[in-house]
Amino acid sequence: MQEDFRLIVDLVSVFAVAACGGLLAVLLKQPVLLGYIIGGMVVGPTGLGLIKEIVQVETLAQFGVAFLLFALGVEFSLTELKKVKAIALGGGTLQIILTIIFTVLVCGITGAWGTLPAKGVFLGSILSLSSTAVVLKCLMERNETETPHGQVMLGILVVQDLALGLMLAVLPALHQPGEAIGVAVVMALVKIGLFAAGAYAAGIWLIPRLLRLLAGTESKELFLLGVVSICLGIALLTEYLGLSIEMGAFVAGLMISEVEYADETLTIVEPLRDIFASLFFAAIGMLIDPVFLWQNLELILGLVALVFVGKFLIITPLVRLFRYPLKIALIAGLGLAQIGEFSFVLASEGQALGLVSRRIYLLILGTTAVTLMLTPFVLRLLPFLFDFAESIPWLKSYLVNDQALDLSADLPQKDHIVVCGYGRIGQNLVKLLQQYQLPVVVIDQSESRIQQLREAGIPYVYGNSVSLHVLETAGVSHAQGMAIALPDPASIRLCLKRALELCPELDTVVRATQDKNIEVLYQLGAKEVIQPEFEASLEMANHLLIGAGLLPDLLQQKMQEIRQNHYLDLRPERSPAEVSQYLQKVTRDLNRRWYDLPANSPFIGMTLEEVNMRYLTGVSLMAIRRADGEEIDYPNHQTTFLLGDRLLVVGSNQELNALVEIAEGKITIFPGL
């Protein structure tokens, strides 16, 4: 009884320290799993030594691996894979194979693994995996999951995750002697084939019926018990067959992924997955010796550099091979250069099978942890690196793809609507416009979406919407209007700015991905900014208020006032300091400049409406800093210029030079001043 109580104390300690470590990681903007690992290091035998029942904790932690891979299987989507099937299946597979081959060659040349090449294959498998959790989190934070580089990275990650199941199945065969390894691998593959055939049959005829039966009880407890039994039962079956628990859990998830109850299954299992996953990563941390990491810090940092450079040099050329622009290839190469969290699973299995010594195992864990910590910093730094590189003329020609890759033969010449982005919003918008026989041109840089446009007979331009040449090809200068439905904020701002350079009076409606972007887009010249979440709130409120007896005409008037006021009634309040800080951040990619208004400038005493700065020069005024230190962010048309004003303006170098000449009176625009 005392031993059981000791295990309870140990589990509570691990969960508590994992929660503290996870909270610290979030506050430091790091992947939460690193916090779990550090928490495990603190309470483990090489730390404070608070955990006594380590074997029992590690055994329970195996549930974390099983539920992680089960959820991964349920989330697996063939639909998402089809969007980038060429680079995902071709590039992802080649990346894994090349990484393994490269690792085996390096190990063979250096003699790092003796005479057993299987150990090189094992290490190559670990290095070939990248972190789905970290990359996806970074892309979601920047609203870049639907961008071309986001789709490329996620496509490759999906294939890597799928390959993990195969690696776990083949892994037990790798500890066989060299002369028998071929036979062992073949037998493992045969077992996988037979098991896959059985799983496929069960996934079609057995699992859907079982889930319908469980759902029919309308008991969440029974549904959860049934799903967990399916997951762990299949996992135990694969273990019995000599494959692995992880392989079985992943296949169990795949069997449920195409059933109508997949979403409900994932929702119910996620809390279990998260709790036991935290236990698994904390258990990994308990095995790490901080003293060992410190004593081998130089070696680990060297391995980190080798991993980053090696994976970058493999992934970047592969993405280019599939005819993606160099900039997308570079982002994908750097974004996927880390070692993924599922490598912990492979490393644990490898140590248990005797493929690696404890020293090598600890080096793998340390290297993986450091690469995971570096990835968010690298992805945040990329926009600034590209801004700098694009400021160098000879580099810009390589990084910026200004030309249209393809276009329809029957593009309308004038009075058409240009739609930038053919995602869900863009597709619905085009359908509505075509119902009224309005000519449309769609700009997109996704090959799969361009193919949809070709098949539907919709005029298109295949290229980057932020390119002046692509916008010119789409006929923006002679368009009736333009809708921007791009996925990431930076591209939206650049597209809007450059479209208005071509046609300052263009009627532009823009989708704001975040509420804090609304004022920025209006300031850049958008005629209308739509925020989908706010629009949904307005329509739902409108329906309910009409049902409560309020007059529809009055409600419509009120809703329109909210829109005209830029959703101010719905937006959360932000301090002036927060607004200023965000404004400084978003203007970095728009060629901003602080300009001191001369004392003799004709602007002084005039309003922004009277100056009409954007029409005259193409420059957008984002903020004014008064002589007394007051800052006016997003000045409106009634804002008056005063002596000593400092202006935050964005525009091309040519536009900014034009502003300087007018503001200094070198060009007379305002007669009598």
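Heads up: the structure comes first, above all this text.
Residues numbered from 1 in each chain as written. Predicted model: local features only at pLDDT ≥ 70, side-chain atom pairs only at ≥ 80, totals over all residues. Heavy atoms only, no water.

1. Digging into the overall build of the chain
A count of helices and strands for the chain gives 30 helices and 11 strands. The contacts in the chain between residues at least 6 apart in sequence include a share of 72% that link residues at least 24 apart. About 32,200 Å² of surface is accessible on the chain, with carbon and sulfur atoms providing 63% of the total. (Helix = DSSP H or I, 4+ residues; strand = E, 2+ residues; numbered from the N terminus. Contact = heavy atoms within 4.5 Å. Areas by Shrake-Rupley, 256 points an atom, 1.4 Å probe, with all protein chains shown as cover.)

2. With respect to helix α2 (residues 32-43)
A rise of 1.5 Å per residue sets the reference length of α2, with its 12 residues, at 16 Å; its end C-alpha atoms lie 17 Å apart and thus fit the reference within 8%. Every buried residue of α2 is accounted for by L33, L34, G35, Y36, I37, G39, G40, M41 and V43. (Expected span 1.5 Å × (residues − 1). Buried < 20%, exposed > 50% of the residue type's maximum accessible area, 1.4 Å probe, protein only.)

3. Digging into the pattern of salt bridges
Think of it this way: side chains of opposite charge can pair up when their charged atoms draw near. Per the counting criterion, the structure on display carries 11 salt bridges. For D274, the salt bridge identified is with R273, shortest N-O distance 3.1 Å. Residue D274 is classed as partly exposed on the basis of its relative accessible area of 39%. A relative accessible area of 16% places R273 in the buried class. Put simply, E501 and K497 hold a salt bridge, and the shortest N to O gap is 3.7 Å. Separated by four residues within a single helix, E501 and K497 lie in helix α23 (residues 489-502), roughly one turn from each other. (Salt bridge = Lys/Arg side-chain N within 4 Å of Asp/Glu carboxyl O.)

4. Observations regarding the nonpolar core
L69, F70, L211, F281, V319 and F344 are the most contacted members of the largest nonpolar core, which totals 119 residues. In terms of residues, this core owes the most to one element, helix α13 (residues 262-286), which gives 12 residues. With near-sequence residues (within four places) excluded, L211 lies in contact with F223, V227, I230, I256, V259 and Y261. Residues A479, I492, L648 and V650 belong to the second largest nonpolar core, which totals 47 residues. (Core = buried A, V, L, I, M, F, W, Y, C linked by side-chain atoms within 4.5 Å.)

5. Notes on the packing of α13 against helix α17 (residues 343-352)
α17 packs onto α13 with a crossing angle of 55° between their chain directions and a minimal axis gap of 11 Å. What the angle tells us is that α13 and α17 run oblique. The two elements α13 and α17 cross, and the hand of that crossing is left-handed. Along the contact surface, α13 presents F280, F281 and I284, while α17 presents F344, V345 and S348. Along the lines of polarity and charge, the residues of the contact of α13 with α17 split into five nonpolar, one polar and no charged. (Axes fitted to C-alpha atoms, helices over the stretch in contact; angles between N-to-C directions. Parallel < 35°, antiparallel > 145°, perpendicular 65-115°, else oblique. Left-handed = near helix turned anticlockwise from the far one by under 90°. Nonpolar A, V, L, I, M, F, W, Y, C, P; charged D, E, K, R; others polar.)

6. Concerning the packing of aromatic side chains
Here the structure, examined in full by the defined rule, presents five aromatic pairs. Centroid distance F63 to F276: 5.6 Å. Interplanar angle 50°. Geometry classified as tilted. Of the two residues, F63 sits in helix α3 (residues 54-75) while F276 sits in helix α13, which places them 213 residues apart along the sequence. An aromatic cluster of three or more residues is present, and its members are F63, F67 and F276. In this arrangement the basic side chain of R625 is found over the ring face of W594, its NZ or CZ atom lying 4.3 Å from the centre. (Phe/Tyr/Trp six-rings, centres within 6.5 Å; stacked < 30°, edge-to-face > 60°. Lys NZ or Arg CZ within 6 Å of the ring centre and 35° of its normal.)

7. Description of the sheet that holds strand β7 (residues 528-530)
Paired through their backbone hydrogen bonds, the strands of a sheet run either parallel or antiparallel. Read from one edge to the other, the open sheet built from seven strands follows the order β1-β4-β3-β2-β5-β6-β7, with strand pairing classed as mixed. Edge positions in the sheet fall to β1 (406-407) and β7, since each of these pairs with one other strand and no more. Across two bridges, the pairing between β1 and strand β4 (residues 460-462) is antiparallel. Residue pairing for β4: D406 is matched across the bridge by Y462. Relative to the sheet, helix α21 (residues 447-456) contacts β1, β3 (440-444) and β4, its axis offset from that of β4 by approximately 155°. (Pairing = 2+ DSSP bridges.)

8. Side note on unusual backbone geometry
Phi at Q437 takes a positive value of approximately 60°, unusual for a residue other than glycine. With respect to the helices, strands and loops of the structure, Q437 is situated in the loop between α20 (424-435) and β3. Since its relative accessible area comes to 69%, Q437 is described here as exposed. Positive phi outside glycine occurs at Y634, with the angle close to 55°.

9. Remarks on the sheet that holds strand β11 (residues 646-650)
The strand order β8-β11-β9-β10 describes an open sheet built from four strands, whose pairing is antiparallel. Unpaired on one side and paired on the other, β8 (592-596) and β10 (631-633) mark the two borders of the sheet. Pairs of neighbouring strands in the sheet enclose a mean axial angle of 25°, with direction left out of account.

10. Section: a nonpolar patch on the surface
On the surface, L94, I97, L98, I101, L105, I109 and L321 cluster together into a nonpolar patch covering about 680 Å² of accessible area. A per-element tally of the nonpolar patch places helix α5 (residues 85-110) first, with six residues. Positionally, L105 belongs in helix α5. Residue classification places L105 among the exposed positions, given a relative accessible area of 52%. (Patch = residues over 30% accessible without salt bridge, like charges linked within 9 Å, V, L, I, M, F, W, Y side chains within 5 Å.)

11. Some thoughts on the environment of V319
Relative to the assigned elements, V319 resides in helix α15 (residues 297-321). On the accessibility criterion, V319 (0% relative accessible area) is buried. Sequence separation between V319 and A88 is 231 residues, and the spatial gap between their C-alpha atoms is 9.7 Å. Excluding anything up to four places from it in sequence, V319 contacts I87, V152, I156, Y324, I328, A329 and A332.

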